[in-house]
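Coordinates in review
Residues per chain, in single letters:
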Amino acid sequence: MKFSLDAGYGWLASFQQQGLFRLDQLTPDTPSCSFPIALQISGALDVAALETALAAVVAKHEALRSTLACDGDELRCWTRHAWPGPLLQLRRLEPDSGNKAELDAAVRDIVRRPFDLATGPLFRFVLLQQAETEARLLMVFHQAVFDAWSTGILAADLETAYAAALSGGDVELAPNALDYADFAHWQREPSRAGAYQRPPSNADKIRTDGAELALKLPSELEQALRRLQQETGETLLAVFSSLLGLFLGAQSGRDEALIDAFVPGRSHAEDHEIIGLFEHPLPLRLRLDAKPSLLEVLDQVREQALPGFENQNTSFEKPVAAPTPPSLARPQFQAAARVQKRPRWRLAGLRLAEQAAHAGTSKRDLSFVLDERDDGLWLALEYAGAVFEAAAAQRLLHGLVQFAAPCLAEPSRRLDEWPAADQLDLTLNGSWRDGDEAAEPGLSQADAGLGQLSSNQQSLYFFEKLAPDRALYNVPLHLEMRGQLDPARLEAALKQLLSRHQALSTRFVETPSGLRQEIGAPPSRLLETADLSQLPQESRDAGFASLERTFSSTVFDLAAGRLCRFCLVRRDREHRALLMVFHHMVFDGHSAQLWLRDLRALLRDGALPAAGPATTVREAAAEERAWQRSRDYQTELNRWLDRLTGTATPLNLRPDRPRPMRRDYAGAFLECALPQALLGEHIQRAAQLGASPFMAVAALLAGYLSARGHQADVCMGFPHGGRGDGATEETIGNFVNLLALPLRIEAADTPRKLIEKTRQTAQASYAGYRVPFSSLVERLGVERIPGQHPIFQVVVTVDQDFKGWTEQGLSVALLPGTNPIAKFDLAFGFNLARSCVRIEYATDMFDPASIADMGAELAALLSQCVRGFDAPLRQAAGAPVAAEVPRAAPKLLRKPKPASAGDAGCAADAT
């Protein structure tokens, strides 16, 4: 039965669209989700008829007329009937240029321009007129409304509509029996509620740079593929995925291969005629440690993905079993396999040839595509430029062809039965840009190891690239200085500190062997200066605030090698501010203590402490990578996985606004007083139970979050210094690791019991402090949702005040920054000396009044815990009843008005 839809309202997006929406939010302002088609047209083209035909296609297919946006906390599609302006954009190239460079530049400009999902349109039609009888038609779609199967539907409908437009007949295409909204609604019917879960994908890293190579398969190789397909009764995708998995295992030397095999996902005959996003990945984990044959790998594929490969469709009643997490410590590359059939493009009276068009991005490290064309099978490879250089990608492409020939000739022959010479042919040395495995040419293994990034640095680098224009990881450390200060002596002290700690001169560069850290020379000019003392008194504070915000929020260039900056601001005759900003890749909280200690020593007597760093950041990173290949690492990792499995349920924090899909990371903070006597008694009782002050306040916060959200499972995060062995005690760098504190709070738990639980859980977390948090997220298979931390949304710390110093006529105090960044929804910093809690919060979710209420509720719970230490916990006095954030009012779905072909225009600036 056809699903009805009101034109005035939206409809819930499909599961596939949700995934593409999240990916789009992770890579804003890039064409990472674009699907381009380029057609070279020769002959007397009727431009008006072409525009009419395109309008008819858009009018027929509802998905092309939709936009996507969040309504409350739900993603909805909104169908439109028209956009102002011409549908087909015309661009005439200079007739005398005749040069390919101008055409290529125009194509790149059109193909690589991103879409705005909320405003639309999610298609772009541009005709580049090269000469009177030569033109290139570019049709670009956002993948949220278009997949590879849709290409054949587009080709057929465009041919029919263009012929009708030429003859002057009716150009309205026959409507489909169902629209895309029907498919999306069908996924969510009660009979299927909870049946479909989007399978976890290997694409947990988002690549924004990519390129594509292609070659035609030899006819004998195509025949061998077809023959094996017929003999086994499997689909071409199943055979191709098996062959690719075996090749990648042989190529990399790893004991397993993880591949996302993309299936059409059209499980009903009616879906075959609808343009839209139905395709989705089926994750395959192929075991290769026993050196299997191609037929044995094909058996694994059949077992893991039978519902997905059957008739090239996926039934949503049968959720695909996700592969178990990989057991190898070595990082997995991200690969995908796809089989697609290129349509035959035909327009009456014209010659059409499809041309290469690529958006310049790559969602995975490697995407292999078997392309069925009129002239045979083609093999294409899309690769991430940050991981593979062009020559290496080309060797991989040809290597797969070389590998396929003997494999298909003897599909029952196991890998370990191949002659040694054959095996050597399969190893394409130097193909991988794996920063953890490969060494740059000319470097010794020891030097190569010193270039590796730590897991922490690797993760920070990744997230930095997701928001390149935001200073998410700037660490401000500002000092207010009153009295006698010699600026030259200050600059000399800063130079000495930079010479002592090489991390501050580190630069992070992408090389042919992967991302590496290198040591550069310190800058010759180190200390910037600014003088506000000449401004009118009433203007100085505003001027300083503006200068500080700009200085603290200016992004660093990680490849340039200067990841710290300093500015001495004169505010009055003997009143200065030293603004210091570091990048978190090379600086953490312990580093700040070392820096301030040594700066004080240099300003006092010009001498540094004799005990310098025992190891460097690069040496520590190489040691960490070596440890991650050990059995001890696997043991600690497995312990963490056992503890965290099933704990990723988000906290119900009852924000004032739902968490946006695209965070602005703007933050603010509020300090809330806690009763000093009560806090002291709470900490003292915890000490009697063997719990530290941190454990005491973490237990208090866990009890509060449980009561606030009416949930038993509470998982918080907390930073660990990561300097357990003492070798890095005097080393400035970033060694911090985030640890999880998962707690289950029962209704009968008393404050005493909760402190004991917290102590035991925290001690178990401390024991595994060396396991990188990013590794846990990857192995747990937690889906990364834009704007939401994958394990916890709240962090807890115990903060200490910087006491400053006064000596030799100079008084120094800490000067807080004014531009806080909210990486988490909430961060609770308990200051025991001042008996308060500093609550940092995301301003796009919380209002100051709500944060003040939290502080009051925490104080009330603290009082209850002290007065009823052995009584069951109850909700904090005054805390309102927990409830979900109100959602937008439900919107009824009705039948839309039909859209005519003449209404389907798009904005004039659509290109």
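Residues numbered from 1 in each chain as written. Predicted model: local features only at pLDDT ≥ 70, side-chain atom pairs only at ≥ 80, totals over all residues. Heavy atoms only, no water.

With 78 residues, the main nonpolar core has Leu50 and Met139 as its most contacted residues. Filtering out sequence-adjacent residues up to four positions away, methionine 139 remains in contact with Phe35, Pro36, Ile37, Leu39, Leu54, Arg124, Phe125, Leu154, Leu158 and Trp345. (Core = buried A, V, L, I, M, F, W, Y, C linked by side-chain atoms within 4.5 Å. Buried < 20%, exposed > 50% of the residue type's maximum accessible area, 1.4 Å probe, protein only. Contact = heavy atoms within 4.5 Å.)

Right, let's talk about the sheet that holds strand β1 (residues 10-12) for a bit. Ordered by their spatial adjacency, 3 strands build an open sheet running β1-β4-β3, and the pairing between neighbours is antiparallel. Across the chains shown, the open sheet's two edge strands, defined by having one partner strand only, are β1 and β3 (66-71). Across this sheet, the average inter-strand angle for adjacent strands is 35 degrees, counted without regard to direction. Summarising the sheet, β3 and strand β4 (residues 74-79) pair through 6 bridges and their orientation is antiparallel. Looking at the pairing, cysteine 70 lines up with leucine 75 of β4. Of the strands in this sheet, β1, β3 and β4 touch helix α1 (residues 15-26), which is tilted by about 105 degrees from β4. (Pairing = 2+ DSSP bridges. Helix = DSSP H or I, 4+ residues; strand = E, 2+ residues; numbered from the N terminus. Axes fitted to C-alpha atoms, helices over the stretch in contact; angles between N-to-C directions.)

Taking 1.5 Å of rise per residue, 17 residues should cover 24 Å, and helix α15 (residues 589-605) covers 25 Å from first to last C-alpha, within 8% of that figure. Burial in α15 covers these residues: Ser591, Ala592, Leu594, Trp595, Leu596, Asp598, Leu599, Ala601, Leu602 and Leu603. Residues of α15 that are buried sit in contact with β16 (478-483), α13 (487-500), β20 (564-572), β21 (575-583) and β26 (805-807). The residue sitting at the N-terminus of α15 and contributing the capping side-chain oxygen is aspartate 588; that oxygen lies 3.4 Å from the backbone nitrogen of histidine 590. (Expected span 1.5 Å × (residues − 1). Polar contact = N/O pair within 3.5 Å; in protein donor to acceptor, adjacent residues only side chain to side chain.)

Turning to the state of the cysteines, a few remarks are in order. On inspection of all chains with the given rule, the structure shows 0 disulfides. Free of any disulfide, cysteine 672 has its nearest cysteine sulfur in cysteine 836, 8.5 Å distant. Cysteine 672 gets classed as buried once you look at its relative accessible area, which sits at 9%. (Disulfide = S-S within 2.5 Å.)

As a further point, take the sheet that holds strand β11 (residues 335-341). Two strands in a sheet stick together by hydrogen bonds in their backbones, pointing the same way (parallel) or opposite ways (antiparallel). Taken in spatial order, the 6 strands of this open sheet run β8-β14-β13-β11-β9-β10, and their pairing is mixed. Only two strands of the sheet have a single neighbouring strand rather than two, namely β8 (210-216) and β10 (280-287). Sheet twist, expressed as the mean angle between neighbouring strand axes with direction ignored, is 20 degrees. Here 8 bridges tie strand β13 (residues 366-373) to strand β14 (residues 376-384), and the two strands are oriented antiparallel to one another. Opposite aspartate 371, over in β14, you have tryptophan 378 as the bridge partner. On top of the sheet, helix α9 (residues 390-409) reaches β8, β13 and β14; it is set at about 145 degrees to β14, its chief contact.

Before going further, it helps to examine the pattern of salt bridges. Counting across every chain of the model gives 43 salt bridges. Among the ionic pairs, arginine 507 bridges to glutamate 518, the shortest N-O distance being 2.8 Å. Of this pair, arginine 507 sits in strand β17 (residues 506-511) while glutamate 518 sits in strand β18 (residues 514-519), and the two are 11 residues apart along the sequence. Between arginine 838 and glutamate 840 there is a salt bridge, with the nearest N and O atoms lying 3.1 Å from each other. The class for arginine 838 is partly exposed, based on a relative accessible area of 23%. Counted as one network, the salt bridges with shared partners bring together Glu256, Arg285, Arg287 and Asp289. (Salt bridge = Lys/Arg side-chain N within 4 Å of Asp/Glu carboxyl O.)

Once that is clear, we can look at the packing of helix α17 (residues 631-644) against helix α20 (residues 751-767). Put simply, α17 and α20 touch, their axes get as near as 10 Å, and they point 150 degrees apart. The angle between α17 and α20 falls in the class roughly antiparallel. As α17 packs across α20, the resulting crossing turns out to be left-handed. In this structure, α17 contributes Glu636, Trp640 and Arg643 to the contact, and α20 contributes Thr761, Ala764, Ser765 and Ala767. Across the contact of α17 with α20, the residue classes break down as 3 nonpolar, 2 polar and 2 charged. (Parallel < 35°, antiparallel > 145°, perpendicular 65-115°, else oblique. Left-handed = near helix turned anticlockwise from the far one by under 90°. Nonpolar A, V, L, I, M, F, W, Y, C, P; charged D, E, K, R; others polar.)

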